[in-house]
Amino acid sequence: MADQTIALVTGGAQGIGLACAEALAEDGYKVMLADVKDSVHAAAKGIGGRGFVCDVADAGALMAVFDTIEAEEGPVAALVNNAGIARPGDFLSYSLEDFDAVIGLNLRSVFAATQRAANGMIKAGIKGAIVNMSSINAVVAIPAIPAYCASKGGVQQLTKASALALAPHGIRVNAVGPGSIDTEMMAGVNASPEALARVMSRTPIGRVGTAREIGDVVAFLCSSKSSYVTGETIYVDGGRLGLNYTV
Ligand SMILES: NC(=O)c1ccc[n+]([C@@H]2O[C@H](COP(=O)([O-])OP(=O)(O)OC[C@H]3O[C@@H](n4cnc5c(N)ncnc54)[C@H](O)[C@@H]3O)[C@@H](O)[C@H]2O)c1
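Keep in mind that what you see is a predicted model, and the values were worked out from it rather than measured.

Peer 1: Can you tell me about the site of the ligand, naming the residues and giving the values?
Peer 2: Lining the immediate surroundings of the ligand are 29 residues, of which Ile16, Asp35, Asn82, Tyr148 and Thr183 lie closest. One of the side-chain N or O atoms of aspartate 55 is found 2.8 Å from a nitrogen atom in the ligand. In the model, an oxygen atom of the ligand is placed 2.8 Å from a nitrogen or oxygen of the isoleucine 181 main chain. In isolation the ligand offers 830 Å² of accessible surface; the protein chains occlude 92% of this area. If you map the ligand onto the pockets, it falls in the largest pocket. Contributions of two or more residues to the shell around the ligand are made by helix H1 (15-26) and helix H5 (146-166). Class assignment of the residues belonging to the shell around the ligand gives a composition of 14 nonpolar, 10 polar and 5 charged.

Peer 1: If you had to explain the packing of H1 against helix H8 (residues 211-222) to someone new, which residues and values would you point to?
Peer 2: Between H1 and H8, whose axes approach to 7 Å, the crossing angle comes to 50°. As judged from the angle between their axes, H1 and H8 are oblique. Taken as a pair, H1 and H8 cross one another with a handedness that is right-handed. Mapping the contact onto sequence places Gly15, Ile16, Ala19, Cys20, Glu22, Ala23, Leu24 and Glu26 in H1 and Ala211, Arg212, Ile214, Gly215, Asp216, Val218, Ala219 and Cys222 in H8. Across the contact of H1 with H8, the residue classes break down as 10 nonpolar, 2 polar and 4 charged.

Peer 1: Explain the side chain of serine 134 to me, and be specific about the residues and the numbers.
Peer 2: Checked against the element boundaries, serine 134 lands in the loop between strand E5 (129-133) and H5. Excluding residues that lie within four positions of it along the chain, serine 134 makes contacts with Lys152, Val155, Ala175, Val176, Gly177, Pro178 and Thr233.

Peer 1: I'd love a proper account of the sheet that holds E5, names of residues and values included.
Peer 2: Read from one edge of the open sheet, 7 strands run E3-E2-E1-E4-E5-E6-E7, paired in parallel fashion. For this open sheet the edge positions go to strand E3 (50-53) and strand E7 (233-236), each flanked by a neighbour on one side alone. Taken pair by pair, the neighbouring strands of this sheet meet at an average axis angle of 20°, ignoring direction. Where strand E6 (residues 172-178) lies against E7, 4 bridges are found, and the strand directions are parallel. Across the sheet, residue glycine 177 finds its bridge partner in E7, namely tyrosine 235. Across the sheet, helix H4 (residues 96-124) touches strand E4 (76-81) and E5, and the angle it forms with E4 is around 170°. Sheet contacts for H5: E5, E6 and E7; angle to E6, the most-contacted strand, approximately 160°.

Peer 1: Can you lay out the environment of serine 162 for me, pointing to particular residues and giving the numbers?
Peer 2: Structurally, serine 162 is set in helix H5. Note on serine 162: relative accessible area 9%, which makes it buried. A sequence separation of 47 residues divides serine 162 from glutamine 115, and the C-alpha atoms of the two residues are 8.5 Å apart.

Peer 1: Talk me through the pattern of salt bridges; I want residue IDs and the actual numbers.
Peer 2: A full pass over the atoms with the stated rule returns 10 salt bridges. When the shortest N-O distance is used, the salt bridge between glutamate 70 and arginine 116 registers 2.9 Å. A residue pair is termed long-range when its members are at least 10 positions apart, and glutamate 70 in helix H3 (residues 59-72) and arginine 116 in helix H4 qualify at 46 residues. The exposure class assigned to glutamate 70 is partly exposed, which follows from its relative accessible area of 21%. A single network of salt bridges, built from pairs that share partners, joins Lys30, Arg50, Glu72 and Glu73.

Peer 1: Tell me about the layout of surface pockets, and name the residues and values.
Peer 2: In this structure, the largest pocket occupies an estimated 1,500 Å³ of space. Together, 50 residues line the largest pocket, and Ala86, Tyr148, Thr183, Met185 and Met186 are the ones closest to its centre. Where the lining of the largest pocket is concerned, the elements lending two or more residues are H1, strand E2 (30-35), H4, H5 and helix H7 (193-200).

Peer 1: With reference to specific residues and values, describe unusual backbone geometry.
Peer 2: Although it is not a glycine, arginine 87 sits at a positive phi angle of roughly 50°. With respect to the helices and strands, the residue arginine 87 is situated in the loop between E4 and H4.

How each quantity is defined
- Residues numbered from 1 in each chain as written.
- Predicted model: local features only at pLDDT ≥ 70, side-chain atom pairs only at ≥ 80, totals over all residues.
- Heavy atoms only, no water.
- Near = heavy atom within 4 Å.
- Polar contact = N/O pair within 3.5 Å; in protein donor to acceptor, adjacent residues only side chain to side chain.
- Areas by Shrake-Rupley, 256 points an atom, 1.4 Å probe, with all protein chains shown as cover.
- 1 Å grid on protein atoms, 1.4 Å probe; cavity = no way out; pocket = protein on both sides within 12 Å on 5 of 7 lines; lining within 4 Å.
- Sits in = over half its atoms within 2 Å of the grid points.
- Helix = DSSP H or I, 4+ residues; strand = E, 2+ residues; numbered from the N terminus.
- Nonpolar A, V, L, I, M, F, W, Y, C, P; charged D, E, K, R; others polar.
- Axes fitted to C-alpha atoms, helices over the stretch in contact; angles between N-to-C directions.
- Parallel < 35°, antiparallel > 145°, perpendicular 65-115°, else oblique.
- Left-handed = near helix turned anticlockwise from the far one by under 90°.
- Contact = heavy atoms within 4.5 Å.
- Pairing = 2+ DSSP bridges.
- Buried < 20%, exposed > 50% of the residue type's maximum accessible area, 1.4 Å probe, protein only.
- Salt bridge = Lys/Arg side-chain N within 4 Å of Asp/Glu carboxyl O.
- Points joined across faces, edges and corners; volume = space filled by probe spheres on them.

Here you go:
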């Protein structure tokens, strides 16, 4: 069993998930990473953790990862539901397959992982923390990513419902809603001066955010420094959601 507190980050092989894992490792967690990419092993090694190749949208595979972690490392005390996909497409021809895939990963797997982690925490007597990766698209929409917007809006309400259900057990559930962050998901925008200019026209701080700027807020929400915060979504967006007109 572990002599270090265990955290699990989904989609942790790169980007925001890996930055969350790095921040949690610095706070003393032994971090488990679950990702579809084989590079999850190297990423985990870099932070003294352990990698699992897993399609998080496959509930059976996800449960098997939890079972292995509990048996071989110890109970999960902090869960970061970060894995997510966008699948952009034309609204009028957007396929139900793409819609189901986005909802299956971005929303359904968040519920499955939260339920499993909470049961493990309750069994182990741990007053743990769960953080869901939302987006400003929980609040403002882009027509080319309808399923993504719906999934992140769902995550906001699921975060509140989970927080209410788990508060009696001392488990806190919050979310972080990034604005435009420099990761592979944003690579298309970053590579296009026109697209980047559009993003900057909506970003009062005047730059794209770093993955670590999200990871640090996630680490805060997993720490005792946020012990009275639950059911909340913190938007880390360089001021985007506060903006009305631009000139
Ligand atoms: N980058 C941004 O600007 C931004 C903004 C708002 C929200 N987000 C959210 O942050 C989270 C991380 O995004 P990112 O920007 O780091 O993207 P990314 O594409 O760099 O990383 C996503 C990670 O999730 C993994 N993944 C994808 N499908 C998976 C599956 N089925 N099972 C397990 N792992 C899977 C990928 O392999 C990858 O390692 C997502 O939930 C995304 O919606 C990102």
